[in-house]
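# Secondary and tertiary structure notes
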Amino acid sequence: MSSNKIVFLEQSKMPTHYYNVLADVPVPMDPPLHPGTKQPAGPQDLAAIFPMDLILQEVSQERFIEIPDEVRDLYRLSRPTPLIRAAILENKLDTPAKIYFKYEGANPTGSHKTNTSYAQAYYNKKAGIKRLVTETGAGQWGSALAMACKHFGMECEIFMVKVSYNQKPYRRTFMKLFGASVHASPTTITNAGRNVLAKDPDSPGSLGIAISEAIEMAVQRDDTNYSLGSVLNHVLLHQTIIGEEARLQMEMVNEYPDIVIGCVGGGSNFGGIAYPFLRDKLTGTKKNLEVIAVEPASCPTLTKGKYEYDFGDEAGMTPLLKMYTLGHDFIPPKIHAGGLRYHGAAPSISLLYNIGAIKASAYEQTEVFRAAQLFAETEGIVPAPESAHAIKEAIAQALRCKESGEAKTILFNLSGHGFLDLGSYEMYLDNQLENYTGQPEFTDAAVR
Ligand SMILES: *Cc1c(COP(=O)(O)O)cnc(C)c1O
């Protein structure tokens, strides 16, 4: 084949606005509730840990929100990211489907996380904040925020989930290189951490615990705010730069996806790629568009969780969010897709799933790594284990097309590269990876 595989969008054509899906969601979102009074939480309840610009974005009903110049300037380090036709994978699968992916691993620090870290650091800096505190799972969010803080001259303090701290030592180094302080959570330096350790000294940690520790530290100083890498409306808003670019790139090759796929931890990269396309479904112009959120079978928030109010963190310090949840004290198994080990899903994704606007699927760790290997063999990119969940679903859809003979156009988000996850791949190659739900192993042998 001699046709082009990469669709480049010129930097001068980079989108100028984020897309706010809340403007088009057909039913109102249930508001966050104050953790103490259980009454709807207002902007002032969030002001202790977030700058007002982000709080206003959190509750905005405006359809398009302008990207500040300072943030667009940072985006130009790597954006627009390429849209790539996975032609060699298509050939290997012998499918009539066309598979496109948006490569967010091309960003500094290796994932989509910088799309929001730049924006969050910028608005905090503008509000006079000197230090940001956060949690990180696999270290992707921590790296992205550390880099953004360094750029804007702020300190950065990071609680890294202990299992990932041990599994991914180079991510620690990466964060420290940008000047951040990194703690293995649960720690003994916060009440939230000490309480967990008193019950379970060997706790592997969880994102919920790390969030509690970060918030506890953030509220102690006026010059310090908390920063969250996913879940909240403003984070998903910043990530829509992915889908807005992808829309333009698909247009450049006269394509529109039949299926859009993303993996879901808290939901930010999924919302980022999916919402700008979902707009067409919600407004009635693309009624048949299929949008699929993919999660690990061992942390099946959407597919097995309950839709109810729950805390975003383990200790119960965040506002209560209406979302699909496995319970705020759920400690997910130690799977290697650390970024997907979160008990809840973004409230906007939860609502859209609840009303049937999007679908969800779940896969086992080993079948996900097998899909990742096939992708690496064909397309040459080692994906982050998180992103490999989206690859797994894209392959499953392409194989379905092979059976039915349909030439569907599939678009998925490759949320990050896996160059710092090679320890996990080593375990996969040595047959040391476990599954955690007792379901039968990988059944679609047709993949390989
Ligand atoms: C953090 C991360 C995820 C999961 O987070 P979301 O908010 O659900 O996107 C997925 N992929 C990669 C590469 C990540 O770094």
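Everything below is about the structure shown above.
Structure report, in brief. Given the structure is predicted, the values throughout are model-derived calculations rather than measurements.

With that settled, consider the overall build of the protein chain. Scanning the protein chain for helices and strands turns up 18 helices and 15 strands. In summary, the protein chain has a C-alpha radius of gyration of 20 Å against a globular reference of 22 Å for 448 residues, a match within 12%. Projected onto its principal axes, the C-alpha positions of the protein chain cover 60 × 45 × 40 Å. Relative to its 448 residues, the protein chain shows a buried fraction of 62%. By sequence separation, contacts in the protein chain at least 24 residues apart represent 76% of the contacts at least 6 residues apart. With the model as given, the accessible surface of the protein chain reaches about 16,700 Å², and the carbon-plus-sulfur share is 50%.

Overall, the coordinates contain 15 aromatic pairs when judged by the stated rule. The interplanar angle of 45° and the centroid separation of 5.8 Å between the aromatic rings of Tyr19 and Phe64 together place this pair among those described as tilted. Residue Tyr19 is located in strand β2 (residues 17-19), and its partner Phe64 is located in strand β3 (residues 64-66); the two are separated by 45 residues in the primary sequence. According to the relative accessible area criterion, Tyr19 is buried, its value standing at 0%. Clustering of aromatic rings is evident, with ring pairs tying together Phe101, Tyr103, Phe375 and Phe412.

What follows concerns the sheet that holds strand β9 (residues 224-226). The parallel open sheet is built from four strands, whose spatial order is β8-β7-β6-β9. Each edge of the open sheet is held by one strand with a lone partner, namely β8 (181-185) and β9. Across the sheet, the mean angle separating the axes of adjacent strands is 20° when strand polarity is ignored. Its contacts with the sheet place helix α8 (residues 169-177) against β6 (131-136), β7 (155-161) and β8, and it is angled at close to 170° to β7.

Another aspect to go through is the pattern of salt bridges. For side chains bearing opposite charge, pairing can occur when the charged atoms are close. Counting across every chain of the model gives 17 salt bridges. Residue Glu245 is joined to Arg79 by a salt bridge in which the shortest nitrogen-to-oxygen separation is 2.8 Å. Pair noted here: Glu245 is in helix α12 (residues 241-252) and Arg79 is in the loop between α3 (69-75) and β4 (83-85), with a separation of 166 residues, a long-range link. With a shortest N-O distance of 2.9 Å, Lys98 and Glu255 are connected by a salt bridge. Linking Lys98 in strand β5 (residues 98-103) with Glu255 in the loop between α12 and β10 (259-263), this pair joins segments that are 157 residues apart in sequence. With a relative accessible area of 25%, Lys98 lands in the partly exposed category. According to the relative accessible area criterion, Glu255 is buried, its value standing at 12%. The network of salt bridges with shared partners includes Arg79, Lys102, Glu104 and Glu245.

Quick look at the site of the ligand now. Surveying the vicinity of the ligand reveals 19 residues, the closest of which are Lys113, Ser230, Gly265, Ser268 and Ser415. At a separation of 2.7 Å, an oxygen atom of the ligand approaches a polar side-chain atom of Lys113. In this structure, Ser415 approaches the ligand through a side-chain N or O atom, which is 2.7 Å from a nitrogen atom. Here the ligand loses 97% of its free accessible area of 380 Å² to cover by the protein chains.

Rules behind the numbers
Residues numbered from 1 in each chain as written. Predicted model: local features only at pLDDT ≥ 70, side-chain atom pairs only at ≥ 80, totals over all residues. Heavy atoms only, no water. Helix = DSSP H or I, 4+ residues; strand = E, 2+ residues; numbered from the N terminus. Rg over C-alpha atoms; globule rule 2.2 N^0.38 Å. Buried < 20%, exposed > 50% of the residue type's maximum accessible area, 1.4 Å probe, protein only. Contact = heavy atoms within 4.5 Å. Areas by Shrake-Rupley, 256 points an atom, 1.4 Å probe, with all protein chains shown as cover. Phe/Tyr/Trp six-rings, centres within 6.5 Å; stacked < 30°, edge-to-face > 60°. Pairing = 2+ DSSP bridges. Axes fitted to C-alpha atoms, helices over the stretch in contact; angles between N-to-C directions. Salt bridge = Lys/Arg side-chain N within 4 Å of Asp/Glu carboxyl O. Near = heavy atom within 4 Å. Polar contact = N/O pair within 3.5 Å; in protein donor to acceptor, adjacent residues only side chain to side chain.

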